Amino acid sequence: MIIKLKKLKENQSDVTDAVSQVLLNDGIVIIPTDTIYGFSCLAGPAEKRLELIKGRDAGKHFLRLVTPAMVQEITDCMIPEKLLSCWPGPLTLIVPGRNDLTEGIRCPDNAFLMELLEKTGCPVDSTSVNYSGCPPVTDIAEIISAFGDKVDLIVDAGDLPPSLPSTIVNICGPVPEIVRQGQLKVEL
């Protein structure tokens, strides 16, 4: 199913209702984010299916979109105020997770995504729309052509403007480390 929107703000609640229902029923969606289009699902059975769609190695973690209140569900790590003040925004933090795993988390600067997170009540896994090892697909017609029959729902907000991916900072060690300088310019 494709939901076509000329402006994402129009009928936003109807769209977030539809997307959250697909996610809560172990579905996979393609949605616009505050950076680029992303595949999204909830932790669980849909993750394996998404790995197959992308051709991604099993067990490689997906970024988790969160609200600030959801961070405590994922990590006990104290996020430095300098980095926390960049949220919401295009900053992904790699944090120590539960069970000796690391997690990539991001609080998006996007009303649609924040409403979606509130409606699902849990973090939403996200990854760029592409096949593993290939550049992200940004043209909506190409996204629909390549992945329309592989996912449960696509939110078509038209072609998104060119954008860099999020900046990634690893805060698992004693000193924060920039892994990728992206849209947000961070100096540590």
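Please read these numbers as outputs of a predicted model, since none were measured by experiment.

Draft legend 1. Local environment of helix 5 (residues 111-120). Those residues of helix 5 that fall on the buried side of the exposure criterion are Phe112, Leu113, Glu115, Leu116, Leu117 and Thr120. Looking at the packing, one finds that the buried side of helix 5 touches helix 1 (12-24), strand 2 (29-32), strand 4 (63-65), strand 7 (124-128) and strand 8 (153-156). Capping the start of helix 5, asparagine 110 holds a side-chain oxygen 3.0 Å from the backbone nitrogen of phenylalanine 112, two or three residues further along. Just beyond helix 5, the residue with positive phi is glycine 121, at close to 75°.

Draft legend 2. Representation of helix 2 (residues 45-54). Along helix 2, the residues classified as buried are Ala46, Leu50, Glu51, Ile53 and Lys54. Seen from one end, helix 2 has its buried residues packed into an arc of 160°, which puts them on one side. Turned more than 90 degrees away from the buried face of helix 2, the exposed residues are Pro45, Lys48 and Leu52. In the core, the buried residues of helix 2 are packed alongside strand 3 (37-41), strand 7 and helix 6 (140-147). Glycine 55 lies just past helix 2 and shows a positive phi near 70°.

Draft legend 3. A look at the pairing of strand 3. Burial analysis of strand 3 places five of its five residues in the buried class, the great majority of the element. Of the two faces of strand 3, the one lined by Tyr37, Phe39 and Cys41 and the one lined by Gly38 and Ser40 are each fully buried. Summarising the sheet, strand 2 and strand 3 pair through four bridges and their orientation is antiparallel. Bridging from a neighbouring strand, isoleucine 31 pairs with glycine 38 of strand 3. Turn length for the strand 2-strand 3 hairpin, with the two strands adjacent in sequence and antiparallel, is four residues.

Draft legend 4. How the structure looks around the pairing of strand 9 (residues 167-170). With four bridges joining them, strand 5 (residues 91-96) and strand 9 adopt parallel strand pairing. Looking at strand 9, one finds that isoleucine 94 is bridged to asparagine 170. As judged from the three bridges shared by strand 9 and strand 10 (residues 177-180), these two strands associate in the antiparallel manner. Across the sheet, isoleucine 168 pairs through a bridge with arginine 180, a residue of strand 10. Between strand 9 and the antiparallel strand that follows it, strand 10, lie six residues.

Draft legend 5. Structural detail: the pattern of salt bridges. As enumerated under the stated definition, the model contains six salt bridges in all. Across the pair lysine 119 and aspartate 17 runs a salt bridge whose closest N-O atoms are separated by 2.5 Å. Taken together, the positions of lysine 119 in helix 5 and aspartate 17 in helix 1 put the pair 102 residues apart, joining distant regions of the chain. In this structure aspartate 17 comes out as partly exposed when scored by relative accessible area, which is 36%. Measuring nitrogen to oxygen at the nearest pair gives 2.9 Å for the salt bridge that ties arginine 49 to aspartate 152. You can see arginine 49 sitting in helix 2 and its partner aspartate 152 sitting in the loop between helix 6 and strand 8, a full 103 residues away along the chain. Taking the relative accessible area as the measure of exposure, arginine 49 reaches 30% and is therefore partly exposed. The partly exposed category is assigned to aspartate 152, whose relative accessible area is 33%.

Rules behind the numbers
- Residues numbered from 1 in each chain as written.
- Predicted model: local features only at pLDDT ≥ 70, side-chain atom pairs only at ≥ 80, totals over all residues.
- Heavy atoms only, no water.
- Buried < 20%, exposed > 50% of the residue type's maximum accessible area, 1.4 Å probe, protein only.
- Helix = DSSP H or I, 4+ residues; strand = E, 2+ residues; numbered from the N terminus.
- Contact = heavy atoms within 4.5 Å.
- Polar contact = N/O pair within 3.5 Å; in protein donor to acceptor, adjacent residues only side chain to side chain.
- Arc of directions from axis to C-beta.
- Pairing = 2+ DSSP bridges.
- Salt bridge = Lys/Arg side-chain N within 4 Å of Asp/Glu carboxyl O.

Note that every value here comes from positions in space, so none of it alone points to a role or purpose.
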